[in-house]
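# Results of the structural survey
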Amino acid sequence: MPPIAQEGNCLIYRGSNFLKQRLVLSCLSGKPVKITQIRADDEQAPGLREYEISLIRLLDKLTNGTKIELNTAGTSVMFSPGLLHGGALQHDCCVQRGIGYFLDALIALGPFCKFPLQCTLRGVTNSRDSPSVDHIKGAALSLLKRFLLVDEGLELRVVRRGVAPLGGGEVFFSCPVRKSLRAIQFQEQGMVKRIRGTVYACKVSPAMANRTVEAAKGCMLKFLPDVYIYTDQNRGKLSGNSPGFGICLLAETTDGVCFAADCISNTREESETPSIPEDLGRDVAMRLLDEIYRGGCCDSAYQWLAALYMALGQKHVSKFLTGPLSTYTVHFLQHLRDFFSITFKLENPEADDDGEDDVRGAQKVLLTCVGIGYTNISKRVL
């Protein structure tokens, strides 16, 4: 949805959708953003949710000189970004959303901070509505490495797990800074060569994890032999504040592309019937197969991140092959146009010489753009 108005440099939007996209792009572009009528029609709980306020607080810690104005009802916010500072941070994330919701913003902003980012986040490490930490470690960081070239100092570590609803988990994320990102041409996804996975069990019987592994392996071994799933069984303080178990599967290709899928057990609030480990294992295997079918050179959850790094790259042509674009990515491309005045060329890959499409799985999309040559003005020249 395009901005409804523009006052000087400030973009004005309406509604609560894609709040994170708008705030992240505001920090990168330096353009203030005003968002009005945030859930104004919701009589029960109008305005910003607790997790959205928690994200704004995290961005405030990450930057220097940010000004935030909220009206009394919380239905309107004015965000004037400061300079990206980085350094050592600690943040207690709202448990309404997983830590993945907050990590997405840090991964997008981390390379452009003044000081290398070293952030400790506490909250829910694995939840249903955000990518899990394992998902981000496999899919998002492998994508970031392509644009950084040297990945020294890039780390995402689970200190302790914590599942919904009470959390209690902790992760450590560090990211190096770069003067600029390189332009990239990446159009070969390769063939899937191995499947890796992690099953975690917090405050439940270890048998739950083993049963989930057996079910997931049973599905994946029909396709390729190199399948290995680790079990991460936590006890005591390392297991967070809520019982639960889940699984994250990663498929790695010969060209270094990572596809990921994860699944988590029901909480008491969500369903009266407990999750069955065998169903969970089969479900995550089907989700991974669907992700592989979609294809492309990145996971569908992080198409937006590839588009962001391409747009901010050096002033050269960047090309990137993805699977069918998600709704989130389509809106992100529209927001990139609003904040940076950059547009992408979207096309289906050409057929081969025989006139037949050499496309495996779903129809692919080739993203092409010329980077804006974004440079990290905060990074000191050594």
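Residues numbered from 1 in each chain as written. Predicted model: local features only at pLDDT ≥ 70, side-chain atom pairs only at ≥ 80, totals over all residues. Heavy atoms only, no water.

### Things to note about the nonpolar core
Among the nonpolar cores identified, the biggest contains 107 residues, and Leu28, Leu121, Phe173 and Leu336 are the most heavily contacted of them. Aside from chain neighbours lying at most four places away, what touches leucine 121 is Leu58, His91, Cys93, Ile99, Phe102, Leu103, Leu106, Gly169, Glu170 and Val171. (Core = buried A, V, L, I, M, F, W, Y, C linked by side-chain atoms within 4.5 Å. Buried < 20%, exposed > 50% of the residue type's maximum accessible area, 1.4 Å probe, protein only. Contact = heavy atoms within 4.5 Å.)

### Digging into the side chain of glutamine 189
Mapped onto the elements, glutamine 189 comes out in the loop between β12 (185-186) and β13 (192-202). Look at glutamine 189 and you get buried, because its relative accessible area is 16%. One polar contact links the side chain of glutamine 189 to the main-chain amide nitrogen of glycine 296, over a distance of 2.7 Å. Discounting chain neighbours no more than four positions away, the residues touching glutamine 189 are Thr253, Asp255, Val257, Phe259, Gly295, Gly296, Cys297 and Lys364. (Helix = DSSP H or I, 4+ residues; strand = E, 2+ residues; numbered from the N terminus. Polar contact = N/O pair within 3.5 Å; in protein donor to acceptor, adjacent residues only side chain to side chain.)

### Here we look at the packing of aromatic side chains
The full count for this structure, using the stated rule, is twelve aromatic pairs. Aromatic pair tyrosine 101 and phenylalanine 102: ring centres 5.2 Å apart, planes at 85 degrees, arrangement edge-to-face. A ring pair is formed by phenylalanine 147 and tyrosine 309, whose centres lie 5.2 Å apart and whose planes are at 55 degrees; its orientation type is tilted. In this pair, phenylalanine 147 sits in helix α4 (residues 133-148) while tyrosine 309 sits in helix α7 (residues 303-312), placing the two residues 162 residues apart along the sequence. For phenylalanine 147, a relative accessible area of 2% gives the class buried. (Phe/Tyr/Trp six-rings, centres within 6.5 Å; stacked < 30°, edge-to-face > 60°.)

### A look at the UniProt feature "domain: RNA 3'-terminal phosphate cyclase" (unreviewed entry) in the protein
Under the feature "domain: RNA 3'-terminal phosphate cyclase" (unreviewed entry), the UniProt entry names residues 13-345. Spanning residues 13-345, this segment combines 32% helix with 28% strand, and its end C-alpha atoms are found 25 Å apart. (UniProt positions renumbered as here; feature names shortened; annotations may be inferred.)

### Here we look at unusual backbone geometry
A cis amide bond links alanine 164 to the next residue, proline 165, at an omega of 5 degrees. Relative to the assigned elements, proline 165 resides in the loop between β10 (155-160) and β11 (169-175).

### Observations regarding the environment of glutamine 334
Looking at the element boundaries, glutamine 334 is found in helix α8 (residues 327-340). As a C-alpha pair, glutamine 334 and aspartate 290 span 44 residues in sequence and 26 Å in three-dimensional space.

### Here's the deal with helix α1 (residues 19-29)
Burial within α1 is extensive, with ten of its eleven residues counted as buried. Once α1 ends, the next one or two residues include glycine 30, with phi positive near 80 degrees.

### Re the packing of α1 against helix α2 (residues 50-62)
It is at 11 Å that the axes of α1 and α2 come closest, and there the two elements cross at 10 degrees. On the basis of their axis angle, the class for α1 and α2 is roughly parallel. Contacts between α1 and α2 involve Leu19, Lys20, Leu23 and Cys27 from the former and Glu52, Leu55, Ile56 and Leu59 from the latter. Within the contact of α1 with α2, the residues separate by chemical class into six nonpolar, no polar and two charged. (Axes fitted to C-alpha atoms, helices over the stretch in contact; angles between N-to-C directions. Parallel < 35°, antiparallel > 145°, perpendicular 65-115°, else oblique. Nonpolar A, V, L, I, M, F, W, Y, C, P; charged D, E, K, R; others polar.)

### A few points about the packing of α1 against helix α3 (residues 99-109)
Orientation of α1 relative to α3, taken along the N-to-C sense of each, is 25 degrees, at an axis distance of 10 Å. On the basis of the axis angle, α1 is roughly parallel to α3. Crossing handedness for the pair α1 and α3: right-handed. Between α1, through Lys20, Val24, Cys27 and Leu28, and α3, the contact on the second element is made entirely by Tyr101, Asp104, Ala105, Ala108 and Leu109. (Left-handed = near helix turned anticlockwise from the far one by under 90°.)

### Examining the pattern of salt bridges
All told, the structure shown has 17 salt bridges when counted by the stated rule. A salt bridge links aspartate 279 to arginine 282; the shortest N-O distance between them is 2.8 Å. Linking aspartate 279 with arginine 282, this pair stays in helix α6 (residues 277-294), spanning three residues, or about one helical turn. Through salt bridges that share partners, Asp92, Arg122, Arg160 and Glu170 make up one connected network. (Salt bridge = Lys/Arg side-chain N within 4 Å of Asp/Glu carboxyl O.)

### As for the pairing of strand β16 (residues 258-264)
Burial analysis of β16 places six of its seven residues in the buried class, which makes it a mostly covered element. Sheet topology places strand β15 (residues 244-253) next to β16; seven bridges connect them, and they run antiparallel. Counted as the bridge partner of leucine 250 is alanine 260 from β16. Counting the residues between successive antiparallel strands, the hairpin from β15 to β16 contains four residues, one of them, glycine 256, with a positive phi of roughly 85 degrees. (Pairing = 2+ DSSP bridges.)

### So, the sheet that holds strand β6 (residues 77-80)
Ordered in space as β1-β2-β3-β6-β5, the five strands form an open sheet in which the pairing is mixed. Each edge of the sheet is formed by a strand with only one pairing partner; in this case those strands are β1 (5-7) and β5 (67-70). When strand polarity is set aside, the average angle formed by the axes of neighbouring strands in this sheet is 15 degrees. By the bridge criterion, three bridges tie strand β3 (residues 33-36) to β6 in an arrangement that is antiparallel.

### A word on the UniProt feature "domain: RNA 3'-terminal phosphate cyclase insert" (unreviewed entry) in the protein
If you check UniProt for "domain: RNA 3'-terminal phosphate cyclase insert" (unreviewed entry), the listed places come out as residues 188-292 in our numbering. Taken as a whole, residues 188-292 contains 30% helix and 34% strand, while its terminal C-alpha atoms sit 14 Å from one another.

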